[in-house]
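Chain by chain, the residues run as shown.
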Amino acid sequence: MSNKYLFNTLTGFFVYLIVQVFLLKNLVLFGTAFCFLHVVFILLLPIETKTTPAMLIAFSLGLGVDIFYDTLGMHTAALVLVAALRSNWIKVLTPRGGYDEDLIPSVLNMGVGWWLSYSLPLLLLYHFLFFYIDNLGTDLYLPVLFKTISSTLFTFLMGMIVQVLFYKRKRGI
Amino acid sequence: MQRILLFLYRIRSFLLFVLLESLAIWFIVNNNSPQGAVFFNSSNNFIGTILSSKDNFTSYFSLSSANEALVEKNTELLKKLDRFTQPKDSVYLVLDSSLSLQHEFRSALVINNSLHFNQNYLTLNKGSRHGIKAGMGVFNEQGVIGRVKGVSKNFSTVISLLHTDNLISSKVKSSEVFGSTKWDGRNPRQAKLLYVPRHVILSPGDTIVTSGYNAVFPEGILVGRVTEIGQGADTNYLDITLELSTDFSRLNYVYLVENLLKTEMDSLYDASGIIIDE
């Protein structure tokens, strides 16, 4: 399992990074709705991933995205925070009977309601932090709020679509 | 002692979190200081190579419009050149060699661009090997684009005009009134003209060009057109909105200008204690 896990994580890392910097970087709706799909990769790490490796993965992924975006440190800071809060947030949301072993916390495995309450706050936090840092020193509070909300919704929708298309349901629940 | 170690071990993930976050913040601060190191950005050699090979594919889609723009610029230059070609039957005398060459021009291709953040940067496919230096002005046939921030051997990064800290010294073409153009972070097609006193009479449609007062741009490169003039919250200055002449969403070929007398001007300003904002 360990080998397979490592392989999956590594491929996922590079696929998300490449898709993000070459395709989604140019996809900005109406100048306000950004799609930061790489956050969904961090959210979709297997449930038993410890906080330490999750943060290290988030740090390197954030740095990779930042280098191509020329926003050095901004994605990294926000993504590390999301990775740090992730496992505690999962613990808070434990359903009755606990989690299955070796499970990816996706829509297909956990259901829409759980995914909504898991991903939406973290995505909102990520986008808010990112746009807040981006706008430090200016007085554009309303645009920050607007960008945060529209980008969160856009990323959330894209995340759902990606999961439905490319992720498998774990058999037998 | 053992207890301390145990305690540290127990909060290890929090310590790691603090470490990584402070690293990230250090990156942010470093990247935004004007003289910051430019190792970890898109002018890095490895990243630049990837970006330029990506641009090899995508540039085909904009070839026709790029050609059109180049042809337009060429005809304009030919028209200008026509004025300077010397008739065969005349004699010319060089008056002063220091007047002759103050600016040198180069060209480059944009391989990475952004316009929706508050601090936007571009990457060009030429670097120190091709004679690009930090501080050179960047423009294209439509108007001003920005200023070179850092160079590596083969690539360079440019602070776009769409960067909330980037001021460009400009003036009104018809009346020679000067101010500074600065982007306010709202709309990539619009910017503000700052420091124009209230008594100045402007009308919508006035052309704004670079002033040539700072050493980055020569005089007379197009910046934009005035669209709105308001009284503004500041008691001394007008609140002027420009429509930028450059379409930042479709940049490909750009020109770079180097002021050969910049070091001399800078040392003069230094010696006389004048601080020039760029």
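The residue numbering used here restarts from 1 in each chain and proceeds along that chain's sequence as written. Following the order in which they are written, the chains are lettered starting with A and the ligands numbered starting with 1. Confidence filtering applies because this is a predicted model: local features only for residues at pLDDT of at least 70, side-chain atom pairs given and counted only at 80 or more, and all residues used for totals across whole chains, interfaces and linings. As a convention, hydrogens and water are excluded, and side-chain values are obtained from all of the structure's heavy atoms.

**A short note on the overall build of chain B**
Okay, so step 1: Along its length, chain B carries six helices and twelve strands.
Okay, so step 2: Buried, partly exposed and exposed residues are distinguished by accessible area as a fraction of the type maximum, computed with a 1.4 Å probe on protein chains only: under 20%, between the cut-offs, and over 50%, respectively. Here chain B holds 278 residues, and the buried ones make up 42% of them.
Okay, so step 3: By definition, residues are in contact when any of their heavy atoms lie within 4.5 Å. Relative to all contacts within chain B whose residues are 6 or more apart in sequence, the contacts with residues 24 or more apart total 61%.
Okay, so step 4: In this description, accessible areas are obtained by the Shrake-Rupley approach with a 1.4 Å probe, and a residue is regarded as covered only by the protein chains that are shown. Taken as a whole, chain B presents about 16,200 Å² of accessible surface, with 58% of it coming from carbon and sulfur. Strands here are runs of E lasting at least two residues and helices are runs of H or I lasting at least four, both read from the DSSP assignment and numbered beginning at the N terminus.

**Focus on the packing of helix H4 (residues 74–92) of chain A against helix H6 (residues 112–134) of chain A**
Residues and elements named next belong to chain A.
Okay, so step 1: Here H4 crosses H6 at 155 degrees, and the two axes come no closer than 9 Å. The pairing of H4 with H6 is recorded here as roughly antiparallel in orientation. Pair H4 / H6 crosses with right-handed handedness. Contacts between H4 and H6 pair Met74, His75, Ala77, Ala78, Leu79, Leu81, Val82, Leu85, Arg86, Trp89 and Ile90 from the former with Ser117, Tyr118, Pro121, Leu122, Leu125, Tyr126, Leu129, Phe130, Ile133 and Asp134 from the latter.
Okay, so step 2: All residues other than Ala, Val, Leu, Ile, Met, Phe, Trp, Tyr, Cys, Pro, Asp, Glu, Lys and Arg, Gly among them, are scored as polar; the first ten of these are nonpolar and the last four charged. In terms of residue class, the contact of H4 with H6 is built from 17 nonpolar, two polar and two charged. Lines fitted to the C-alpha atoms define the axes, with helices restricted to the stretch that makes contact. Angles between their N-to-C directions range from 0 to 180 degrees. Angles are sorted into four bins: roughly parallel if under 35 degrees, roughly antiparallel if over 145, roughly perpendicular if 65 to 115, and oblique for all others. We call a crossing left-handed when the near helix sits turned anticlockwise from the far one by less than a right angle, and right-handed when that turn is clockwise.

**Some words on the nonpolar core**
Okay, so step 1: Working definition of a nonpolar core: buried Ala, Val, Leu, Ile, Met, Phe, Trp, Tyr and Cys residues. They are joined through side-chain atoms within 4.5 Å. Ranked by internal contacts, the top residues of the largest apolar core, which has 69 residues, are Phe36, Phe41, Ile42, Met55 and Tyr118 of chain A.
Okay, so step 2: Top element by residues in this core is helix H3 (residues 51–69) of chain A. It accounts for eleven residues.
Okay, so step 3: Setting aside residues no more than four positions away along its own chain, phenylalanine 36 of chain A makes contact with Gln20, Tyr69, His75, Tyr126, His127, Phe130, Phe131 and Thr155 of chain A together with Phe117 of chain B.
Okay, so step 4: Counting residues in each nonpolar core, the second largest holds 39 residues, with Val158, Val172, Ile208 and Ile221 of chain B among its members.

**As for the domain arrangement of chain B**
Residue and element names in this part refer to chain B.
Okay, so step 1: All domain edges in this entry derive from an automatic or database-based domain assignment. We note that the domain assignment places domain 1 (45–77 + 101–164 + 251–260) and domain 2 (167–247) within chain B.
Okay, so step 2: Its C-alpha centre places domain 1 at a distance of 23 Å from the equivalent point of domain 2.
Okay, so step 3: A per-residue breakdown of the area domain 1 buries against domain 2 is headed by Gln142, Val144 and Leu161, which together make up 35% of the total.
Okay, so step 4: Think of a salt bridge as a Lys or Arg side-chain nitrogen and an Asp or Glu carboxyl oxygen that are within 4 Å of each other. Where domain 1 meets domain 2, there are zero salt bridges.
Okay, so step 5: Listing elements by their share of the side of domain 1 that touches domain 2, those giving two or more residues are strand S3 (137–139), strand S4 (144–151), strand S5 (156–163) and strand S12 (253–259).
Okay, so step 6: In terms of residues, the side of domain 1 that touches domain 2 owes the most to one element, S4, which gives four residues. The term buried area means the drop in 1.4 Å probe accessible area that two parts suffer when joined, counted for both and summed.

**Quick word on the interface of chain B and chain A**
Okay, so step 1: In this complex, chain B contributes 31 residues to the contact, which on the side of chain A involves 32 residues.
Okay, so step 2: In this assembly, chain B packs against chain A so that about 2,900 Å² is buried in total across both faces, 68% of it on carbon and sulfur atoms.
Okay, so step 3: Across the chain B-chain A interface, the total number found is zero salt bridges.
Okay, so step 4: Here a polar contact is taken to be a pair of N or O atoms separated by no more than 3.5 Å, where protein atoms must pair a possible hydrogen donor with a possible acceptor and residues adjacent in sequence count only if both atoms sit in side chains. Between chain B and chain A we count seven residue pairs in polar contact (both at pLDDT 80 or more) in total.
Okay, so step 5: Broken down by element, the residue count for the side of chain B that touches chain A peaks at ten residues, all from helix H2 (residues 12–32) of chain B.
Okay, so step 6: Here the residues of the side of chain B that touches chain A are counted per class, giving 13 nonpolar, 14 polar and four charged.

**So, the packing of aromatic side chains**
To describe a pair of aromatic rings, you give the distance between the ring centres and the angle between the ring planes.
Residue and element names in this part refer to chain A.
Okay, so step 1: Only rings of Phe, Tyr and Trp enter the pairing, Trp through its six-membered ring, and a pair is recorded when the two centres are within 6.5 Å. The plane angle decides the type: under 30 degrees is stacked, over 60 is edge-to-face, the rest tilted. Under the defined criterion, the tally for this structure stands at 22 aromatic pairs over all chains.
Okay, so step 2: Taking 5.8 Å as the distance between ring centres and 75 degrees as the angle between the ring planes, the aromatic pair formed by phenylalanine 22 and phenylalanine 68 counts as edge-to-face. You can see phenylalanine 22 sitting in helix H1 (residues 2–23) and its partner phenylalanine 68 sitting in helix H3, a full 46 residues away along the chain.
Okay, so step 3: Here phenylalanine 22 falls in the partly exposed class, since its relative accessible area comes to 23%.
Okay, so step 4: Relative accessible area serves as the criterion here: at 8%, phenylalanine 68 is assigned to the buried category.
Okay, so step 5: Look at phenylalanine 130 and phenylalanine 131: their rings are 5.3 Å apart centre to centre, the planes differ by 80 degrees, and that puts the pair in the edge-to-face class.

**Focus: the side chain of threonine 9 of chain A**
All names here are of chain A.
Okay, so step 1: Checked against the element boundaries, threonine 9 lands in helix H1.
Okay, so step 2: The class of threonine 9 is buried, set by a relative accessible area of 13%.
Okay, so step 3: In contact with threonine 9, not counting residues within four places along its chain, are Phe41, Leu45 and Ile57.

**Details of empty space enclosed by the protein**
Okay, so step 1: A cavity here means a set of 1 Å grid points, computed over protein atoms only, where a 1.4 Å probe fits but cannot escape. A pocket is an open set with protein on both sides within 12 Å along at least 5 of 7 lines, and lining residues have an atom within 4 Å of a point. Grid points are joined across faces, edges and corners, and a volume is the space filled by probe spheres set on the points. For the structure shown, the criterion picks out three cavities of 30 Å³ or more.
Okay, so step 2: In this model, the largest cavity occupies a volume close to 50 Å³.
Okay, so step 3: In terms of lining residues, the largest cavity is bounded by eleven residues, among which Asp70, Thr71 and Met74 of chain A together with Asn31 and Gln119 of chain B are the most central.
Okay, so step 4: With three residues, the single largest contributor to the lining of the largest cavity is H2 of chain B.
Okay, so step 5: In the lining of the largest cavity, the residues fall into five nonpolar, four polar and two charged.

**Quick look at the pairing of strand S6 (residues 167–172) of chain B**
Residues and elements named next belong to chain B.
Okay, so step 1: Within S6, six of the six residues are buried, which leaves the element mostly enclosed by the surrounding structure.
Okay, so step 2: What you see with S6 is no split at all: Leu167, Ser169 and Lys171 on one side and Ile168, Ser170 and Val172 on the other are buried throughout.
Okay, so step 3: Note: S6 against strand S7 (residues 178–182), five bridges, orientation antiparallel. Paired with lysine 171 across the bridge in S7 is phenylalanine 178.
Okay, so step 4: The antiparallel pairing of S6 with S7 creates a hairpin that spans five residues between the two strands, and glutamate 176 there sits at a positive phi of about 65 degrees.
Okay, so step 5: When S6 meets strand S9 (residues 207–210), the two strands line up antiparallel, connected through three bridges. Pairing between two strands is assigned when DSSP locates at least 2 bridges connecting them.

**Quick look at a negative patch on the surface**
Residues and elements named next belong to chain A.
Okay, so step 1: Residues enter patches when they are more than 30% accessible in relative terms and free of salt bridges; like-charged ones are connected within 9 Å and nonpolar ones (Val, Leu, Ile, Met, Phe, Trp, Tyr) within 5 Å. His residues and chain termini do not enter the charge count, which takes Lys and Arg as positive and Asp and Glu as negative. Here the site of a charge means atom NZ of a Lys, CZ of an Arg, CG of an Asp or CD of a Glu. Negative charge collects at one region of the surface, where Glu48, Asp100, Glu101 and Asp102 lie side by side.
Okay, so step 2: Of note, aspartate 102 is situated in the loop between H4 and helix H5 (107–110).
Okay, so step 3: Take aspartate 102: its relative accessible area is 36%, and that puts it in the partly exposed class.

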